[in-house]
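# A structural walkthrough
Listed below are the residues making up each chain.
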Amino acid sequence: MDVRECLDETAFYQDEEGLWRGWFWGYEETRAQSFKCMSVQAHATFVKPFLISNTTARSVFLDRSEELIHGPYSEWSKEFWTARRSMRFAKHLRDIGDKFRKSYLGSTDKKDNTVLDEDWRNMKRKHGEAKGGPYVAAHIRRRDYLYAHGEDIPDLNDTAKQLEGVLKKLNLNTVFIATDAPKEEVDELRDYLKDYKVFKYDPQKEVLESYKDGGIAIIDQWICAHARHFIGTYVSTFTFRIHEEREILGFDPDTTFNRFCPNTTSDCEQPSRWPVVY
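Being a predicted model, the structure only gives us computed values, none of them experimental.

### Some details on the overall build of the protein chain
When helices and strands are tallied, the protein chain shows nine helices and eight strands. In terms of C-alpha radius of gyration, the protein chain reaches 20 Å, essentially the compact-globule figure of 19 Å for 278 residues. Principal-axis analysis of the C-alpha atoms gives the protein chain an extent of 55 × 45 × 40 Å. Out of the 278 residues belonging to the protein chain, those deemed buried represent 40%. Sequence separation of 24 or more characterises 67% of the internal contacts of the protein chain that already satisfy a separation of 6 or more. When the accessible surface of the protein chain is summed, it comes to about 16600 Å², and 49% of that surface belongs to carbon and sulfur atoms. Of the side-chain charges in the protein chain, 41 are positive and 47 negative, and the distance between the mean point of each set is 7 Å.

### Details of the pattern of salt bridges
Enumeration according to the criterion identifies 19 salt bridges in this entry. The salt bridge partner of Arg4 is Asp2, with a shortest N-O separation of 3.4 Å. What makes Arg4 partly exposed here is its relative accessible area of 41%. Among the charged side chains, a salt-bridge network with shared partners connects Arg84, Arg241, Glu244 and Glu245.

### With respect to the side chain of Glu247
Within the fold, Glu247 resides in helix H9 (residues 237-249). For the buried Glu247, no salt bridge is present, and the opposite-charge side chain at shortest range is Arg273, 7.6 Å distant. Apart from residues lying up to four places away in sequence, Glu247 is in contact with Trp81, His127, Pro253, Phe257, Trp274, Pro275 and Val276.

### Description of the side chain of His226
Tracing the chain through its elements places His226 in the loop between helix H8 (205-225) and strand S8 (227-231). Residue His226 is classed as buried on the basis of its relative accessible area of 0%. Aside from chain neighbours lying at most four places away, what touches His226 is Arg101, Ser107, Asp109, Asp112, Thr114, Gly132, Gly133, Tyr135, Arg246, Leu249 and Phe251.

### Regarding the pairing of strand S5 (residues 133-140)
Of all the eight residues making up S5, seven are buried; the element is thus mostly covered by neighbouring parts of the structure. In this sheet, S8 lies alongside S5 in parallel orientation, the contact comprising four bridges. Along S8, the bridge assignment pairs Val136 with His229. Taken together, the five bridges between S5 and strand S6 (residues 174-179) define a ladder with parallel strand orientation. If you follow Val136 over to S6, its bridge partner there is Val175.

### A look at the sheet that holds S5
The strand order across the open sheet formed by four strands is S7-S6-S5-S8, and the pairing between neighbours is parallel. Edge strands, defined here as strands with exactly one partner in the open sheet, are strand S7 (197-199) and S8. The average angle at which neighbouring strand axes cross in this sheet is 25°, direction not considered. Both S6 and S7 contribute to a ladder of three bridges, which runs parallel.

### Examining the state of the cysteines
Tallying each qualifying case throughout the model produces two disulfides. Here Cys6 engages in a disulfide with Cys37; their sulfurs sit 1.9 Å apart. Its S-S torsion of about 95° marks the bond between Cys6 and Cys37 as right-handed, since a negative value means left-handed. In this pair, Cys6 sits in the loop between strand S1 (2-4) and strand S2 (13-14) while Cys37 sits in strand S4 (residues 37-39), placing the two residues 31 residues apart along the sequence. A disulfide bridge connects Cys261 with Cys268, and the sulfur atoms are separated by 2.0 Å. Across the S-S bond of Cys261 and Cys268 the torsion is about -80°, and the bridge reads as left-handed. On the accessibility criterion, Cys261 (5% relative accessible area) is buried. For Cys268, a relative accessible area of 11% translates into the label buried.

Rules used throughout
Residues numbered from 1 in each chain as written. Predicted model: local features only at pLDDT ≥ 70, side-chain atom pairs only at ≥ 80, totals over all residues. Heavy atoms only, no water. Helix = DSSP H or I, 4+ residues; strand = E, 2+ residues; numbered from the N terminus. Rg over C-alpha atoms; globule rule 2.2 N^0.38 Å. Buried < 20%, exposed > 50% of the residue type's maximum accessible area, 1.4 Å probe, protein only. Contact = heavy atoms within 4.5 Å. Areas by Shrake-Rupley, 256 points an atom, 1.4 Å probe, with all protein chains shown as cover. Lys, Arg positive; Asp, Glu negative; His and termini not counted. Charge placed at Lys NZ, Arg CZ, Asp CG, Glu CD. Salt bridge = Lys/Arg side-chain N within 4 Å of Asp/Glu carboxyl O. Pairing = 2+ DSSP bridges. Axes fitted to C-alpha atoms, helices over the stretch in contact; angles between N-to-C directions. Disulfide = S-S within 2.5 Å.

Structure (structure tokens):
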């Protein structure tokens, strides 16, 4: 574990006042006084003494801290899943997602067999119990990912081809996309998929102002979690959270742990499977 020069391009930059700006979950007023890249191959418990010895800051933001090794609390453990199952998305955000599903995707919990038990401790589903709505959901990460992981994601044309292959296989004609792509790229993707219905959740101004980007991300994740089939983005935490929700709901892992392959690879390595543990 040591501080070193950044190996890859980052999403953080210094402004004219010397403060660091970047992605802080939609809170644009947040700034950092310093920014460093840290190389870590250790358990999370080693981070605290390292920070105490190497910084005097009262607050430290650890971007990509999910990369740390969490030992007995990792994704394969009962302890992790007990905590994860207890953490449900806020009901008002789920309600917005459910309304969108019903209005545009023909999807309801009763029809899809995705009804939540009121007590999370009673929510113990078997793989394959959840059916999902009659649509394919896709998390399509763009923007900064084109620089950080450009070799691991397809261009829009190939993204559309991979989606079309799944749609034909499942005999479905509807796609929901969760993406940070600019409008012109979304329109381009729709052109490639002109024979299919392509939906994207675009919040009203007051919804965005109330819940910010983090809340809108949860709505997107909730809609993706209820699809008949899901395809995610390579090593994206946004995608990982959808995997977890689908595990809790009881989907067949074959419909959950999927990713878009880069243009040059038709059969790339798929995400690791972290099955829910009770």
